[in-house]
Structures are given as C-alpha cells and as structure tokens.
Amino acid sequence: MAEPNSTFKPIKPKLKPKPRTPKQTPESKYWSSFKNHQIPDLISSITSLTFSPSPPHPFAATHSTSLKIFNPQTLSPSSTISSFSDVVSSASFRCDGLLIAASDLSGLIQVFDVKTRTPLRKLRSHTRPVRFLKYPLHDKLHLVSGGDDAVVKYWDVASETPLLELLGHKDYVRCGDFSPVSHEMCVTGSYDHTVKLWDVRVTGSKTVMEVNHGKPVESVVFLPSGGLVATAGGNSVKIWDFIGGGQMVYSMESHTKTVTSVCVGRVGKENVEEGREHRVLSVGLDGYMKVFDYGRMKVTHSMRFPAPLMSIGFSPDCGVRVIGSSNGVMYVGKRKTKEENMESGLRSFWSLGVEQERRVMRPSYFRYFHRGQGDKPKEGDYLVMRPKKVKLAEHDKLLKKFRHKEALVSVLGNKNPENVVAVMEELVARRKLLKCVENLDNEELGLLLMFLQKYSTVPRFSGLLMGLTKKVLEMRVEDIRSSEALKGQIRNLKRSVEEEIRMQHSLQELQGIISPLLRIAGRG
C-alpha cells in the first residue's frame, strides 16, 4: 500500500448552506457606520427636524410647545425656544443659518434669531393650524407655509404680509419644499392626494402642474437635480419627473405602514465631492428607515427602530443623521469627522511612540534573548515559522489510511450531517461509496438508513442522499426483507418522503392562490 500523504487536509462538505442574510454591501457598511445615540425625554412626538445650511450645521427639533437647537458635535441642546402657545409643528432655517422660522397649531408663524432666541417677526394670516413652512434655498426675504385651511401662502417676511395665497388644494396641506435650482418654484402635498407645483411668478396664483399620489401625502421633497420630486403617502414613496410632464418614475412600497417623512442624503467616498451619490431616506410608522437609490430604483439599506418614526433629517456635510420618534426619543447617527480621526490617530501615534521608547531592546540586553512569543518582530529580524499541526478527526485519519468503510461507519456514529455528507462526497470522488454500502453489516446498515430517513429531505443534502437511498434499496433489498429492524427503518423513511411530498403539494396550492393576487396587485 502506498504511503499515506503527509499533507492530508481535513475534508469539508461541498454543499454549503446559503446564508439567510445577504452579504453586507459597501453602501450598507456606509449607513451602518453612523453610530447611534439616543436623545430621550423630549416629552412628545418629534414632528419636524431641520438642519442649518451653514457649518457646523446645528439641527432643530420641534416637540410639544418647544423648539430645541442641538450642537452636531456634542449632540447636546445649545438653545431652547419656548415662546409658543400651542404645539410646534414645523421649523426651517434661513439659507445663512442666522434665522429660524417655526409654526404652531394656533396658526402663528414666528421668526427667531438663532443666537439670541429673540422673536423678530410674527406672521399671522392662517385661520387654522400651520403644518409646514419652508425657506427658499437662496432667498432670505421670503418663505412659504401651508396648513389645515388648505391654503398655501407665500410670505414677505420683513413686512409680515402674505404676498400670494395659492389656492387649489381641497384638504389639509401637510408638506412642501422649495426647488433647489429656483427660489420661485415650490411644491406642496395635501391630504386630497395631490401634489402641486407652484411658480410665484405666475399670475392668478394658479398651479403649474399637479400629480395624484393616490393616498394622503405626508411628505414631499425635491431631489437635487430640481426635476425630480419624491412624495410619501400611505405605505409608498413615489418619484415623479416634473420636467417630463409629471410622469411617475417609480413607486417604492417596502414600508408596511404609513410613510411619515422623507429627506435626501448622500453617500460616497470621503473627500470626493463629485463622486457622492444622492439617496432618498424615508421613515414610517412601522419603525423602519429605508434608503432608496433612485438611480438604480432599489432599496439599498434598511434599519429598524423600536418606535413609530415621525421625522428624519440629514446634515449637508453627511456627518449626522437624525430620526424623530412618536415617543419623544431622537435617534442620532453620527460619523467621525476628519478632525476627530486625525486627533485619534495622533493620540495613538503618540502613545505608540512612548511605548516604543520605554520598551526599546538591544542585542546587548539580557531580556533581548528571553523574548516571549508575544513579542512583535522588528524590521530586519529573521522569522522562523513553525508549521501548524493539522488536527484530523477520526474519519479523516481513516480516510488517510484508505479504510473507507470504517470512515463511513465512524462518521455515521458522530451524528454530524455535514461531516457525513463530506465523507460521502469524498467516497464518491474515490468511487468507493457503493462498495462501502455493499460491505455494511445489518447494524451498520441500520445507522445509514436512520441517517437517510432524517436528512434525505433536507434541501441542501437531498441531491446526494435521495440518489444514495435509491441505490441502498436496490443493493440491500434481501437484507432489509430479512430484518424487522431494517423494515422499520424503511417504513420511517417512507413516511418522511410522503410528508415532504404532501408539504410540497400544499406549497404549490398556496402558490396557485397567491400568484393571481400578486399579478392583480402588480397591475394596480
């Protein structure tokens, strides 16, 4: 007999199970890199979140009768504005970040100085609660608002008067946004299911374009190009092409409950401004945050939170992501800034330098010759690598000695299905599996039949084991007939196969019922 190969490696099963969770993509790693922090005890539901356009991009949260402004570095409140008589519904920073406007459910809009918290203007015209307000991206003099009176108003902030009353919605106006490319155009969404595009230069205050979302609209946002608009209502987020006549580009329906808020975020490489791609971030009452790539029309990341979510915001520098919940808790995701990375790098470099200075060793030192295995080699050291000893299981040792039948019996006794299948695959490669089955005695055959009865219907093993079962029945039919114990094993095997067939028939019936419904839903 030939000398067994000294480099024999332990066998492994080739039929590896597919992972239940998909491999994390680079984009998922990017969104997961936002380390979550909780800001609790904000009393009530957080209705609105907005970031300042000017660095360091503080963010404001509206809750109860208060407006709080937070520092993005420390995540602590830098100021609180409480001069409201009713619940604060919305807030918006001016483009220079020096002023912030906020509305409440009494119908009043107030403009504050961010540093001193002094109310500078009070805008009174709405007869019902104001649900949203928005400053244009490049205009310091005007803002737009809408509320439960179904009226959209375009304000001259300095004179505290509405320049235009945009009429056309038939129900509560709940959301709106200004175009990123023109401060004269804005879009609004209402509970009448419509989204309207307005141009303040058009005489007669008529809408320029209108689309029907199909459900009460909770949130609307312009995408950075200025031609696409994302709307949220019901359990869907829809992308509309307003340049192309208001055609719907895509409908994302991965939420299971009402989508309450959407915003635009960016993802991409560090320090490569032109390489960053924009995403639509949405949150809903199902507690999920979804990241939607509207370029490839697919959801690229999903995250679950322990409460219904009401609002979301993303900082212009891509460093902070804030989500407001219905129970008064804010979930803030924060990435490390370049300065923080540099500081941590300098600290580690300094500590490493001190450690090296303290532990320096030279060939003339006594402890140089008594270094332990944990000591790291220096540049220029000659490393002597000791080969690692490979540990072989009992069946691997038997296979190494070409004792095939004993290897099969040994692994059947260990009751590890993956190892058994791996040994069977190795025996198939050596063309010895059927020979081993033929030489098994009745007790060993019983072990094999018990294994086949238990695992032959498992999907990842069935390809090999069902074929082997057929061969075993053909080759050992006489031995099975002469033994009551083996007959019992065959009866159990038959029951397992019949149960699997019955289950497959039931699944096919369910598929036949569900397929037409999915087809109808797809057409709808």
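The shown structure was predicted, so the numbers you read here are calculated from the model rather than taken from an experiment.

1. Things to note about the packing of aromatic side chains
Inference 1: Summed over the entire model, instances satisfying the criterion amount to 13 aromatic pairs.
Inference 2: Ring geometry for W31 and F34: centres 5.8 Å apart, planes at 20°, overall stacked.
Inference 3: For W31, a relative accessible area of 2% corresponds to the buried category.
Inference 4: Here F305 and Y331 contribute two aromatic rings whose centre-to-centre distance is 5.1 Å and whose plane-to-plane angle is 45°, an arrangement assigned as tilted. With F305 in the loop between strand 25 (298–304) and strand 26 (309–314) and Y331 in strand 28 (residues 330–334), this residue pair connects regions lying 26 residues apart in the sequence. With respect to burial, F305 and Y331 carry one shared label: buried.
Inference 5: Taken together, the aromatic side chains of Y30, W31, F34 and F314 make up a single cluster linked through ring pairs.
Inference 6: The residue whose ring lies beneath K290 is Y288, and the NZ or CZ to ring-centre distance is 4.7 Å.

2. Focus: the sheet that holds strand 9 (residues 119–124)
Inference 1: The strand order across the open sheet built from four strands is 6-7-8-9, with neighbouring strands paired in antiparallel fashion. The sheet terminates laterally at strand 6 (88–93) and strand 9, the two strands that pair on one side only. Averaged over all neighbouring strand pairs, the angle between strand axes comes to 20°, with direction disregarded.

3. Brief notes about the packing of helix 4 (residues 404–414) against helix 5 (residues 417–429)
Inference 1: Following both chains from N to C, one finds helix 4 and helix 5 inclined at 165°, their axes separated by 9 Å at the closest point. Judged by the inter-axis angle, helix 4 sits roughly antiparallel to helix 5. You can see that helix 4 and helix 5 cross each other, and the crossing is left-handed. Counting all contacts with helix 4, which are made through H404, A407, L408, V411 and L412, the residues of helix 5 involved are N419, V420, V423, M424 and L427.
Inference 2: Across the contact of helix 4 with helix 5, the residue classes tally to eight nonpolar, two polar and no charged.

4. Remarks on the sheet that holds strand 24 (residues 288–293)
Inference 1: In spatial order, the strands read 22-23-24-25; together these four strands make up an open sheet with antiparallel pairing. Two strands close off the open sheet at either side, each with one partner strand: strand 22 (259–267) and strand 25. Each adjacent strand pair in this sheet contributes to an overall mean axis angle of 25°, direction not counted.
Inference 2: In this structure, strand 23 (residues 277–284) lies alongside strand 24, joined through four bridges in antiparallel fashion. Paired with S282 across the bridge in strand 24 is K290.

5. Re the UniProt feature "repeat: WD" (unreviewed entry) in the protein
Inference 1: Mapped onto the present numbering, the UniProt feature "repeat: WD" (unreviewed entry) falls on residues 123–165 and 166–201.
Inference 2: Helix makes up 0% of residues 166–201 and strand makes up 53%, while its end C-alpha atoms are separated by 12 Å.

6. Regarding unusual backbone geometry
Inference 1: The step from P55 to P56 runs through a cis peptide bond, and the omega angle for that step is 0°.
Inference 2: Relative to the elements of secondary structure, P56 occurs in the loop between strand 2 (46–51) and strand 3 (59–63).
Inference 3: A positive phi is found at L75, a non-glycine position, where the angle reads about 60°.
Inference 4: For H193, which is not glycine, the phi torsion reads 80° and is therefore positive.
Inference 5: Within the fold, H193 resides in the loop between strand 15 (185–190) and strand 16 (194–199).

7. Some points on the pairing of strand 13 (residues 161–166)
Inference 1: With five bridges joining them, strand 12 (residues 152–156) and strand 13 adopt antiparallel strand pairing. Looking at the pairing, D156 lines up with T161 of strand 13.

Reading the values: rules and limits
- Residues numbered from 1 in each chain as written.
- Predicted model: local features only at pLDDT ≥ 70, side-chain atom pairs only at ≥ 80, totals over all residues.
- Heavy atoms only, no water.
- Phe/Tyr/Trp six-rings, centres within 6.5 Å; stacked < 30°, edge-to-face > 60°.
- Buried < 20%, exposed > 50% of the residue type's maximum accessible area, 1.4 Å probe, protein only.
- Helix = DSSP H or I, 4+ residues; strand = E, 2+ residues; numbered from the N terminus.
- Lys NZ or Arg CZ within 6 Å of the ring centre and 35° of its normal.
- Pairing = 2+ DSSP bridges.
- Axes fitted to C-alpha atoms, helices over the stretch in contact; angles between N-to-C directions.
- Parallel < 35°, antiparallel > 145°, perpendicular 65-115°, else oblique.
- Left-handed = near helix turned anticlockwise from the far one by under 90°.
- Contact = heavy atoms within 4.5 Å.
- Nonpolar A, V, L, I, M, F, W, Y, C, P; charged D, E, K, R; others polar.
- UniProt positions renumbered as here; feature names shortened; annotations may be inferred.

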